[in-house]
Number of protein chains: 2
Amino acid sequence: MELLRVRYRLEGNPADAEARAEAIALEQTVEVPKPVAMREPFIAREIVGRVESIEVSSDGSQRATIAYPVATTALDPAQLLGVMFGNTSLHADVSCVDFDPPASLCEALAGPRAGVAGLRELTGVRGRALTCTAVKPLGHSPKALADLLRTFARAGIDVVKDDQGLANHEFCPFEARVAACLAAAEQVADETGHRVLYVPNLIGTPERVFGQLRFAEKCGARAVMVSPMLLGLPTFWELCHRHASVPVLAHPSHAGALRYAPELLFGKLLRLYGADAVIFVGYAGRFGIPRATCAAIAANLRSEWHGLAASLPVPGGGIELRDVAEVVRFYGHDAMLLVGGSLQLEPGQLLERSCAFVDAVRGASA
Amino acid sequence: MELLRVRYRLEGNPADAEARAEAIALEQTVEVPKPVAMREPFIAREIVGRVESIEVSSDGSQRATIAYPVATTALDPAQLLGVMFGNTSLHADVSCVDFDPPASLCEALAGPRAGVAGLRELTGVRGRALTCTAVKPLGHSPKALADLLRTFARAGIDVVKDDQGLANHEFCPFEARVAACLAAAEQVADETGHRVLYVPNLIGTPERVFGQLRFAEKCGARAVMVSPMLLGLPTFWELCHRHASVPVLAHPSHAGALRYAPELLFGKLLRLYGADAVIFVGYAGRFGIPRATCAAIAANLRSEWHGLAASLPVPGGGIELRDVAEVVRFYGHDAMLLVGGSLQLEPGQLLERSCAFVDAVRGASA
């Protein structure tokens, strides 16, 4: 069985590291209590992650290596992220520090199409580092950006990319900008023989980004740039492997997205983007989120906000059956309680525990 | 002029807060030194962010409110994230804690289509909180999951969602699972009159997710779930507003993605997904990344790895012209140096400074 090995840094007490790592191995695969997972031989053998090693570092933090059967990833670019770090990314005491995909996963995702060799061929640069700069700032017209590019090209810079903040603005439309910069690059190439590699920035929803790519390629762009952590890695993969025929540069914008406060991310951003209901990990359960944060998330989802529809708060993250009534009282009527593994905890009691859940919510809401 | 107000928490010295906030206002819009931005009246007036207020909290951290002209967002779901927190998310001393979009942005993004009211109508639940659970664990067959759903439905649970780990696995294909669970829901509805709302999980690249949505809607699914922070928020927006006719639940999986170590995210994940060149913020510049991290990113991008093409390391993030030669020696030949604002620093010296950049790289590479 091929294994995907993932390495985590744990910040807690070294004495708890083994149990913490076991909990991650379950969270990232079956997300039910261990006895529930172990009831089925196929699941126990082929699905659940296994803790392979735990090392304590000199600073007291621990490195846990967990091996996941690669089949759990379905060899899919989105599911892979879910298996590596989906729910576990919500635990403040864990970071994901390394991974070691098996050959089948590398083959499925396929990696760079051009890479270093392709970019060297495209630019004609060998035996030295390459030079790159950006046309900017945001606010310039296509003509002003093309003028900048012309100067950079005359100086002999190898690659000139758009600033990652250049989108499809009224004052500088994408198509006009790309056409002007490509024309400027050709003009300098005719003058000096140096054809700078101009790299347009693509930004937007998938439909927009794929449309921008088609336009850029049609106009003669020989490479493009996107911010994968802004578009989402699965969209990035599809761009690289299903749409682009030219090399793709990755920009780091938005890669530190965890630093959104939870009441902003879950309470406002997801609502603004269109979530009808937002599942979040709450104070009751295994994630230890403060009550005040949960109250703020719920309030933000339900508040008056420029006429946007309210979004349904869905607290989850390990609510125990015994806590249901209290949780209902905390969030009030306009909420949906998500109780998962707790219902399956006792063999043969699924219907009873499910009925108890329903009764507790009805009772507390009365 | 309509303004997008964003609130940041700063962890540094309160005496530096004003300068820090000014730097963010530039970073998130023009990303050039202030004198460069201020040369153009249109850019100074209509593009650059403005620090509106700074408050010091009792714990010594500061809250800075910055107002951005809404035009910088191009009213685009991806560009909005770039303006709010793109590069600034890479600074360890800043978190993004709140935002206040103007009406035009709310109108453009549009928010929930069904929301609380629509979900209440769909489930027929009024005057109390709703109940929700998940069919799981990963590893069960479609039939086993449908059996679970049947029991939950008989207990009267309102909403049963897929576990977010259920993808399109060989042992449990998406289409078979959705069809089996929808049939089970209908069967219990016929028996008991209670029609549970079954919510399939969609996961994959945009093409796959939109295909799964079409299949689920065709089969009669009345709601779906995705993990927006795994798919990427722009893809999530397009799903909600350009593809889905049913309500969409948001799952928090992968929302803590910052906790990826930089050498993993920039060195390995982006390469595996297909980046031909990876821009990252390096030790030289304004982000203060350790040299060892930079070396590890570059090594990971270029190492032998299951036959994947090497990806070109592109250190950036404010390299100064005077540091170029040293940076080239640090990363070696297989790298591309990204020098941006520094080239534009001196008015009238663009060509000279660009030539100096090119010469420094060529000289250091010789």
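If you're wondering where the values come from, they're calculated on a predicted model, not measured in any experiment. (Residues numbered from 1 in each chain as written. Chains lettered and ligands numbered in written order. Predicted model: local features only at pLDDT ≥ 70, side-chain atom pairs only at ≥ 80, totals over all residues.)

Draft legend 1. Just the overall build of chain A, in detail. Helix and strand content of chain A: 15 helices and 12 strands. Taken along its principal axes, the extent of the C-alpha atoms in chain A is 80 × 50 × 40 Å. Counting over 366 residues, chain A shows a buried share of 58%. The contacts in chain A between residues at least 6 apart in sequence include a share of 68% that link residues at least 24 apart. (Helix = DSSP H or I, 4+ residues; strand = E, 2+ residues; numbered from the N terminus. Buried ≥ 20, exposed ≤ 12 C-beta atoms within 10 Å, placed from the backbone. Contact = placed C-beta atoms within 7 Å.)

Draft legend 2. Examining the sheet that holds strand 1 (residues 3-10) of chain A more closely. All names here are of chain A. Spatially, four strands are ordered 2-3-1-4 in an open sheet, and the strand pairing comes out antiparallel. A strand with exactly one partner marks an edge of an open sheet, and here the two such strands are strand 2 (50-56) and strand 4 (94-100). Recorded for the sheet is a direction-independent mean angle of 25° between the axes of neighbouring strands. Where strand 1 lies against strand 3 (residues 62-69), eight bridges are found, and the strand directions are antiparallel. Bridging from a neighbouring strand, Val-6 pairs with Ile-66 of strand 3. On top of the sheet, helix 1 (residues 17-27) reaches strand 1, strand 2, strand 3 and strand 4; it is set at about 145° to strand 2, its chief contact. Set on the sheet, helix 4 (residues 77-85) makes contact with strand 1, strand 3 and strand 4; between it and strand 4 the angle comes to about 125°. (Pairing = 2+ DSSP bridges. Axes fitted to C-alpha atoms, helices over the stretch in contact; angles between N-to-C directions.)

Draft legend 3. Just the domain arrangement of chain A, in detail. According to the domain assignment, chain A contains domain 1 (3-109), domain 2 (115-250) and domain 3 (260-365). On a C-alpha basis, the centres of domain 2 of chain A and domain 3 of chain A stand 44 Å from each other. (Domains from an automatic or database assignment.)

Draft legend 4. How the structure looks around the relation of the copies chain B and chain A. With an RMSD of 0.0 Å, the fit of chain B onto chain A corresponds to turning through 180° and sliding 0.0 Å along the axis. The superposition of one copy onto the other is thereby described by a two-fold rotation axis. When each C-alpha of chain B is compared by its distance to the rotation axis, Gly232(B) comes out closest, at 1.8 Å. Both copies contact each other with a shared surface, as 100% of the interface residues of chain B are interface residues in chain A too. (Least-squares fit on C-alpha atoms with pLDDT ≥ 70 in both.)

Draft legend 5. Up close: the pairing of strand 2 (residues 50-56) of chain B. All names here are of chain B. In this sheet, strand 3 (residues 62-69) lies alongside strand 2 in antiparallel orientation, the contact comprising six bridges. Considered in strand 3, the bridge of Val-51 is made with Ile-66. Where strand 2 folds back on strand 3, the antiparallel hairpin that results is connected by five residues, among which Gly-60 adopts a positive phi of roughly 90°.

Draft legend 6. Expanded view of the nonpolar core. Judged by nonpolar contacts, the single largest core of 240 residues is most densely connected at Leu149(A), Leu337(A), Leu149(B) and Leu337(B). Leave out the neighbours within four places in its chain, and Leu337(A) touches Pro315(A), Ile319(A), Val324(A), Val327(A), Val328(A), Val361(A), Ala129(B), Thr131(B) and Cys132(B). (Core = buried A, V, L, I, M, F, W, Y, C linked by C-beta atoms within 7 Å.)

Draft legend 7. Looking closely at the interface of chain B and chain A. Chain B puts 149 residues into the contact, and the matching count from chain A is 149 residues. Here the side of chain B that touches chain A is built from residues that sort into 91 nonpolar, 38 polar and 20 charged. The sheet contact formed by strand 5 (residues 130-135) of chain A and strand 12 (residues 336-338) of chain B spans three bridges and is parallel. Bridging from a neighbouring strand, Leu130(A) pairs with Met336(B) of strand 12 of chain B. (Nonpolar A, V, L, I, M, F, W, Y, C, P; charged D, E, K, R; others polar.)

Draft legend 8. Quick peek at the sheet that holds strand 10 (residues 277-281) of chain A. Strand order in the open sheet formed by four strands is 11(A)-10(A)-9(B)-8(B), and the pairing between neighbours is parallel. The open sheet terminates on both sides in strands that have one partner only, identified here as strand 11 (312-316) of chain A together with strand 8 (224-226) of chain B. Looking at each pair of strands side by side, their axes are set apart by 25° on average, direction ignored. As paired strands, strand 10 of chain A and strand 11 of chain A are joined by five bridges and run parallel to one another. Along strand 11 of chain A, the bridge assignment pairs Ala277(A) with Leu312(A).

Draft legend 9. Structural view of helix 8 (residues 174-192) of chain A. In this model helix 8 of chain A runs 27 Å from its N-terminal to its C-terminal C-alpha over 19 residues, within 8% of the 27 Å that 1.5 Å per residue would give. Immediately beyond the C-terminal end of helix 8 of chain A, within one or two residues, lies Gly193(A), with a positive phi of roughly 85°. (Expected span 1.5 Å × (residues − 1).)

Draft legend 10. Focus on the pairing of strand 6 (residues 159-162) of chain A. All names here are of chain A. Direction of pairing for strand 5 relative to strand 6: parallel, over a ladder of four bridges. Across the sheet, residue Ala-134 finds its bridge partner in strand 6, namely Lys-161. Crossover connection from strand 5 via helix 7 (residues 142-154) to parallel strand 6: handedness right-handed. The pairing of strand 6 with strand 7 (residues 197-199) spans three bridges and is classified as parallel. Pairing of Val-159 across the sheet is with Leu-197, part of strand 7. With helix 8 bridging strand 6 and its parallel neighbour strand 7, the resulting β-α-β unit is right-handed. (Right-handed = clockwise from strand over helix to strand, strands pointing away.)

Draft legend 11. Focus on unusual backbone geometry. Residue and element names in this part refer to chain A. In this structure, Pro-137 follows Lys-136 across a cis peptide bond, with omega equal to 5°. Structurally, Pro-137 is set in the loop between strand 5 and helix 7. Unusually for a residue other than glycine, Leu-75 sits at a positive phi of about 50°. Among the structural elements, Leu-75 can be located in the loop between strand 3 and helix 4. Of the residues examined, Leu-75 has 17 C-beta atoms within 10 Å and is grouped as partly exposed.

Draft legend 12. A look at the environment of Cys181(A). Residues and elements named next belong to chain A. On the secondary structure map, Cys-181 appears in helix 8. Expressed as a C-alpha distance, the spacing of Cys-181 and Asp-76, which sit 105 residues apart in the sequence, is 36 Å. With near-sequence residues (within four places) excluded, Cys-181 lies in contact with Val-135, Leu-145, Ala-146, Leu-149 and Tyr-198.

Draft legend 13. Representation of the packing of helix 9 (residues 206-218) of chain A against helix 11 (residues 233-243) of chain A in the model. Residue and element names in this part refer to chain A. Running from N to C, helix 9 and helix 11 cross one another at 35°; their axes reach a closest spacing of 11 Å. As for the relative orientation of helix 9 and helix 11, their crossing is right-handed in sense. Contact with helix 9, carried on its side by Pro-206, Val-209, Phe-210 and Leu-213, involves Thr-235, Leu-239 and His-243 of helix 11 and no other residues of that element. A per-class count over the contact of helix 9 with helix 11 returns five nonpolar, two polar and no charged. (Left-handed = near helix turned anticlockwise from the far one by under 90°.)

Draft legend 14. Region of interest: the confidence of the model for chain A. For chain A, the mean per-residue pLDDT works out to 87, and 96% of the residues sit at or above 70. Reported for the predicted complex are a pTM of 0.82 and an ipTM of 0.82. (pLDDT = per-residue confidence, 0-100.)

Draft legend 15. Broad picture of the environment of Glu170(A). Residue and element names in this part refer to chain A. Of note, Glu-170 is situated in the loop between strand 6 and helix 8. By C-beta crowding, Glu-170 is classed as exposed, having 8 other C-beta atoms within 10 Å. Put simply, Glu-170 and His-306 are 136 residues apart on the chain and 24 Å apart in space, counted from C-alpha to C-alpha.

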